[in-house]
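What follows is the residue order along each chain.
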Amino acid sequence: MHLLLRTGFALTVIISSVLPLAAQQPPARVALRADVAVNRETVTLGDLLEVSGAIADTPVFRAPALGRSGTIQVSRVVEAARAMGLEPINRAAAAQVTVTRQARRISKTEVEEMVRRGLGSRFGMDQAEVSITLDNGENAIFVEPEATGDLKIVDIFHDPKARRVEAVLTIPASRSLTARPLRVSGSVVDMVEVPVLVRAVARGEAIRAVDLRTERRARAELPAGALTDAGSLTGKVTRNALVAGSLLREGDLVKQDIVEKNSMVTVVYEGPGLSLSMRGKAMEAGAMGDAILIQNVQSKRAVQGTVIGPGKVSVNFGVPGPVAAVQSTLE
């Protein structure tokens, strides 16, 4: 006898002869199940018919692949039942029985995410965008329902010039993936978040947080000197006029002067147990942290100081001596 489970692909019949024990059992009226779900590689009589005992465990068909469904013609089920000495059969209205192989579904998105993590840990590509191709253009893979562990990267290869990635993945608890690890390939683009202007700005205008939005761009497509850290723009002004949508580059910005040349500033000195201040004249313009020359307006003596705020400069004389000596230097 040869039986066939039709699923879109041929399945092998397991039984080929009548068991002597089954032949000796008296005919029993049994009901046919319309929909069957199995979690093993075979379909038994007990899956297809409402029977119990040893005969229910008799395998008759090979189950579909993990996560797949197939159909068995009712006439084939009846034929298999008769071979086991089971008749008559209460046939359902449908002409076929649907068999589904239970499985855990792992989406293509999950596979891509694991590959992206692998690129991050192996190659430092934390912002990578990955597009993976699974076998036969499928959108998911299936493993045994009891294989509840995480996907793991066995090996991963990256070709930055071709922007391609290949990876081998498995789940330790999966018999199918242990025997045959999942091999995937696809395209990969190294992405980075960059600040982009949301409005046009004039030359010499300060960049504010509200003037920016963050976008993900391919790192390879960024212009030379492109800024990726919005925090680095604080206290800077544009060197030239820029239009909305512009990426910001190092050459587009300069520090904003908070001390103007020839302006009057407060010169401060602070040390252990000592705090002095006096008025001076800035001989140079300067931004926060810049070193500029400061002149005492009375003695015309110049010293170097560091801009520490708008109109404010700090002077460091090294190890402080007597207060009078410091005052003399400032004067």
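What you are looking at is a predicted structure, and each value in this text was computed from that prediction instead of being measured. (Residues numbered from 1 in each chain as written. Predicted model: local features only at pLDDT ≥ 70, side-chain atom pairs only at ≥ 80, totals over all residues. Heavy atoms only, no water.)

### Observations concerning the side chain of Asp 211
Stated formally: The helix and strand labels rest on DSSP assignments: H or I over at least four residues marks a helix, E over at least two residues marks a strand, and numbering proceeds from the N terminus. Polar contacts, as used here, are pairs of N or O atoms within 3.5 Å; protein pairs need one atom able to donate a hydrogen and one able to accept it. Residues neighboring in sequence count only if both atoms are side-chain atoms. Whether two residues touch is decided by their heavy atoms; if any such pair falls within 4.5 Å, the residues are in contact.
Along the chain, Asp 211 falls in the loop between β14 (191-197) and β15 (212-218). At 2.6 Å, the side chain of Asp 211 and the side chain of Arg 199 are in polar contact. For Asp 211, the contacting residues outside a window of four places in its chain are Val 196, Leu 197, Val 198, Arg 199 and Ala 206.

### A word on helix α3 (residues 74-83)
This is how the line gets drawn: Between buried and exposed lies partly exposed: a residue is buried under 20% and exposed over 50% of the maximum accessible area for its type, with that area taken using a 1.4 Å probe on protein chains only.
Buried within α3 are the following residues: Val 74, Val 77, Val 78, Ala 80, Ala 81 and Ala 83. Where the residues of α3 are buried, they touch α2 (45-48), β5 (69-73), β6 (89-90) and β7 (96-101). Downstream of α3 by one or two residues, Gly 85 has phi in the positive range, about 85 degrees.

### Observations concerning the nonpolar core
Applicable threshold: In this description, a nonpolar core means a group of buried Ala, Val, Leu, Ile, Met, Phe, Trp, Tyr and Cys residues linked to one another through side-chain atoms lying within 4.5 Å.
Counting residues in hydrophobic clusters, the biggest one holds 24 residues, and the most contacted among them are Leu 48 and Leu 49. Elements that contribute at least two residues to this core include exactly β2 (35-38), α2, β4 (59-62), α3 and β7. Of all the elements, α3 adds the most residues to this core, at 4 residues. For Leu 48, the contacting residues outside a window of four places in its chain are Ala 31, Leu 32, Arg 33, Val 36, Val 43, Val 60, Phe 61, Ile 72, Val 77, Val 97 and Val 99.

### Points about the sheet that holds strand β22 (residues 291-295)
Here is the rule: Two strands are said to pair when DSSP picks up at least two bridges between them. The convention used is that axes are lines fitted to C-alpha atoms, helices contributing only their stretch in contact, and that angles between N-to-C directions extend from 0 to 180 degrees.
Spatially, the 5 strands close up into a barrel ordered β19-β20-β22-β23-β24, and their pairing is mixed. Looking at each pair of strands side by side, their axes are set apart by 50 degrees on average, direction ignored. Across 8 bridges, the pairing between strand β19 (residues 264-271) and strand β20 (residues 274-282) is antiparallel. Considered in β20, the bridge of Glu 270 is made with Ser 275.

### Section: the pairing of strand β23 (residues 302-309)
Pairing of β22 with β23 involves 5 bridges; the strand directions are antiparallel. Looking across to β23, one finds that Ile 294 is bridged to Val 303. Two elements, β23 and strand β24 (residues 312-314), share 3 bridges in a ladder whose sense is antiparallel. Among the inter-strand pairings, Thr 306 is bridged to a residue of β24, identified as Ser 314. Between β23 and β24, which pair antiparallel and follow one another directly, the connecting turn spans 2 residues, one of which, Gly 311, has a positive phi of 65 degrees.

Limitation: the analysis is restricted to geometry and does not speak to function.
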